[in-house]
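# Observations on the three-dimensional arrangement
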Amino acid sequence: MIWGKKRYTFVIIPDANSSVRRFEVPKLIPYIAGAGLLSLVIVTLTLYVLHARTAMVASDLQTRVKSQDTLYATTVQEKNQTIEQLQNEVINLSRQTSDMKTQIDDIRKLEDEVRTITGSDKTTAAVNSASSGLAMGGTNRPATDDEVQDMLEQTRTLLTDMNEEVDKLKHSIVNTKEAALAVQKKQRVTPTIWPVDSRTITSGFGLRQDPFTFRPSFHSGFDISAPLNSKVHVTADGVVQSTGSDSLHGNNIVVSHSDGLQTWYMHLNKINVDKGEKVEKGQVIGLVGSTGRSTGNHLHYEVLKNGVSIDPKPFLK
Ligand SMILES: [Zn+2]
């Protein structure tokens, strides 16, 4: 109540000639005005601080977004590089697959050649050549994803085909090997090699003038002249059927082979094998001589089929 009644008096003196003006205000007003001013200052400061803070956070966020952007761009670039690298690998893989297919075809051709040698039937023609491989062109535009995808698909098909082909090849090569082994076995029991190193045939198979009687006679084998004690080789695998000596054949050996074939070696100086002995093609069974009805050192070599003398020539290499 006392505060309410007390008053301040303000006096305003404009100049010496004018009258003085005066007015009164309650004593509380200046305090209220001061408090209002203080509040305003506090509010202003608070707002300023808040604004500064927000600006800082915004700037920080902006920086972060920027760095995220850079990181993202780098990642995308890296991923693109990886994709390109993978696509190149697909292309390389496809080329390698295509090369391998060519090699498989070559192996098949080789196998067919071997089969021709062994006299077996040829394998079925190359299973398929559906995949056209890689055509190389002159343009140089970047490959599209679809093209690379297509190539991948082609390569996959080619690999599947090749897998089947290799499987078939494996089987047919086993057959070819068996055929080759059969040929080899046949070769071993067929008298295809020369019984002596010499190739000098002094008398062939067939009709001739007998060297002793000078009358026409049939010569049942080859006379191959060779130095005394030259090695005599058995011309095929077999078993010594007989060894003996007589005035006509001299020291002689008969070896039996398969398919009713026999070979006969005459006029030997020495016999190295015994009856019943197994002999291997090329083995030395005796030495060249001039025993029996002979005019000089030579081997009379005879081939018999089912007991009948035949020309040895077709057998010889
Ligand atoms: Zn003879």
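Residues numbered from 1 in each chain as written. Predicted model: local features only at pLDDT ≥ 70, side-chain atom pairs only at ≥ 80, totals over all residues. Heavy atoms only, no water.

## Description of the overall build of the protein chain
Within the protein chain, the secondary structure is distributed over three helices and 14 strands. Rg of the C-alpha trace for the protein chain: 58 Å, well past the compact-globule value of 20 Å for 317 residues, more than 25% over. Its C-alpha atoms put the protein chain at 195 × 40 × 35 Å along the principal axes. The buried share of the protein chain, reckoned over its 317 residues, is 28%. (Helix = DSSP H or I, 4+ residues; strand = E, 2+ residues; numbered from the N terminus. Rg over C-alpha atoms; globule rule 2.2 N^0.38 Å. Buried < 20%, exposed > 50% of the residue type's maximum accessible area, 1.4 Å probe, protein only.)

## A word on the coordination of the zinc ion
Here the zinc ion is held by His219 (NE2), Asp223 (OD) and His300 (ND1), and the distances to it run 2.0 to 2.3 Å. Counting the intervening residues between successive donors of the zinc ion yields the motif H-x3-D-x76-H. In this structure histidine 219 comes out as buried when scored by relative accessible area, which is 4%. (Donors = N, O, S within 2.8 Å, 3.2 Å for Na, K, Ca; no water.)

## Observations regarding the nonpolar core
The biggest cluster of nonpolar side chains holds 22 residues, and the ones touching the most others in it are Val232, Ile253, Val255, Tyr265, Val279, Ile285 and Leu299. Among the secondary structure elements, those contributing two or more residues to this core are β6 (222-225), β9 (250-256), β10 (261-271), β12 (284-288) and β13 (298-305). If near-sequence neighbours (up to four positions away) are discounted, valine 232 is found in contact with Pro195, Val196, Tyr265, Leu268, Gln283, Val284, Ile285, Gly286, Leu287, Val288 and Leu299. (Core = buried A, V, L, I, M, F, W, Y, C linked by side-chain atoms within 4.5 Å. Contact = heavy atoms within 4.5 Å.)

## Comments concerning the pattern of salt bridges
Inspection of the entire model under this criterion finds ten salt bridges. Residue glutamate 111 is joined to arginine 115 by a salt bridge in which the shortest nitrogen-to-oxygen separation is 3.5 Å. One end of the pair is glutamate 111 and the other is arginine 115, both in helix α2 (residues 29-118) and four residues apart, which spans about a single turn. For the pair glutamate 111 and arginine 115, one class covers both residues: buried. Close ionic contact of arginine 293 with aspartate 210 constitutes a salt bridge, the shortest N to O distance being 3.1 Å. In this pair, arginine 293 is assigned in the loop between β12 and β13 and aspartate 210 in the loop between β4 (206-209) and β5 (216-219), connecting sequence segments 83 residues apart. The class for aspartate 210 is buried, based on a relative accessible area of 8%. One salt-bridge network, in which partners are shared between bridges, spans Lys101, Asp105 and Glu165. (Salt bridge = Lys/Arg side-chain N within 4 Å of Asp/Glu carboxyl O.)

## Some remarks on the packing of α2 against helix α3 (residues 145-189)
One can describe the packing of α2 onto α3 by two numbers: an axis separation of 8 Å at closest approach and a directional angle of 20°. Compared by their axis directions, α2 and α3 come out roughly parallel. Every pair of crossing elements has a handedness; the one defined by α2 and α3 is left-handed. Of the residues that constitute the contact of α2 with α3, the class distribution is 19 nonpolar, nine polar and eight charged. (Axes fitted to C-alpha atoms, helices over the stretch in contact; angles between N-to-C directions. Parallel < 35°, antiparallel > 145°, perpendicular 65-115°, else oblique. Left-handed = near helix turned anticlockwise from the far one by under 90°. Nonpolar A, V, L, I, M, F, W, Y, C, P; charged D, E, K, R; others polar.)

## Side note on the layout of surface pockets
Looking at the second largest pocket, its volume works out to about 440 Å³. Lining of the second largest pocket is provided by 24 residues; of these, Arg208, His219, His267, Arg293 and His300 occupy positions nearest its centre. Looking at the lining of the second largest pocket, the elements with two or more residues in it are β3 (201-203), β5, β10 and β13. Residues belonging to the lining of the second largest pocket are distributed by class as follows: six nonpolar, 13 polar and five charged. (1 Å grid on protein atoms, 1.4 Å probe; cavity = no way out; pocket = protein on both sides within 12 Å on 5 of 7 lines; lining within 4 Å. Points joined across faces, edges and corners; volume = space filled by probe spheres on them.)

## Considerations on the UniProt feature "transmembrane region" (unreviewed entry) in the protein chain
Here the UniProt feature "transmembrane region" (unreviewed entry) sits at residues 28-50. Taken end to end, residues 28-50 is 96% helix and 0% strand, and its two terminal C-alpha atoms sit 33 Å from one another. (UniProt positions renumbered as here; feature names shortened; annotations may be inferred.)

## Notes on α2
End to end, α2 covers 131 Å across 90 residues, agreeing with the expected 134 Å (1.5 Å per residue, within 8%). Buried residues in α2 make contact with α3. Looking one or two places after α2, you find glycine 119, whose phi comes out positive at around 80°. (Expected span 1.5 Å × (residues − 1).)

## Comments concerning the side chain of serine 309
Tracing the backbone through its elements, the reader meets serine 309 in strand β14 (residues 308-310). Residues contacting serine 309, with those up to four places away along its chain left out, are Phe205, Ser220, Glu302, Val303 and Leu304.

## Re α3
Since there are 3.6 residues in each turn of an α-helix, residues three or four apart along the chain are aligned in direction. Given a rise of 1.5 Å per residue, 45 residues ought to cover 66 Å, and the 65 Å separating the end C-alpha atoms of α3 matches this to within 8%. Buried within α3 are the following residues: Val148, Met151, Thr155, Leu158, Asp161, Met162, Glu165, Leu169, Ser172, Thr176 and Ala179. Packing partners of the buried residues in α3 comprise α2.

## With respect to the confidence of the model for the protein chain
Of all residues in the protein chain, 93% attain a pLDDT of 70 or more, and the chain-wide mean is 89. Confidence drops under a pLDDT of 50 for residues 126-133, and excluding neighbours within four residues, the segment shows 14 contacts in the predicted structure. (pLDDT = per-residue confidence, 0-100.)

## Some details on the environment of glutamine 103
Looking at the secondary structure, you find glutamine 103 in helix α2. On the accessibility criterion, glutamine 103 (52% relative accessible area) is exposed. Distance in space between the C-alpha atoms of glutamine 103 and glycine 286 is 50 Å, their sequence separation being 183 residues.

## Some details on the UniProt feature "coiled-coil region" (unreviewed entry) in the protein chain
With numbering matched to this structure, UniProt assigns "coiled-coil region" (unreviewed entry) to residues 76-113 and 152-179. Taken end to end, residues 152-179 has its terminal C-alpha atoms 40 Å apart, with 100% of it in helix and 0% in strand.

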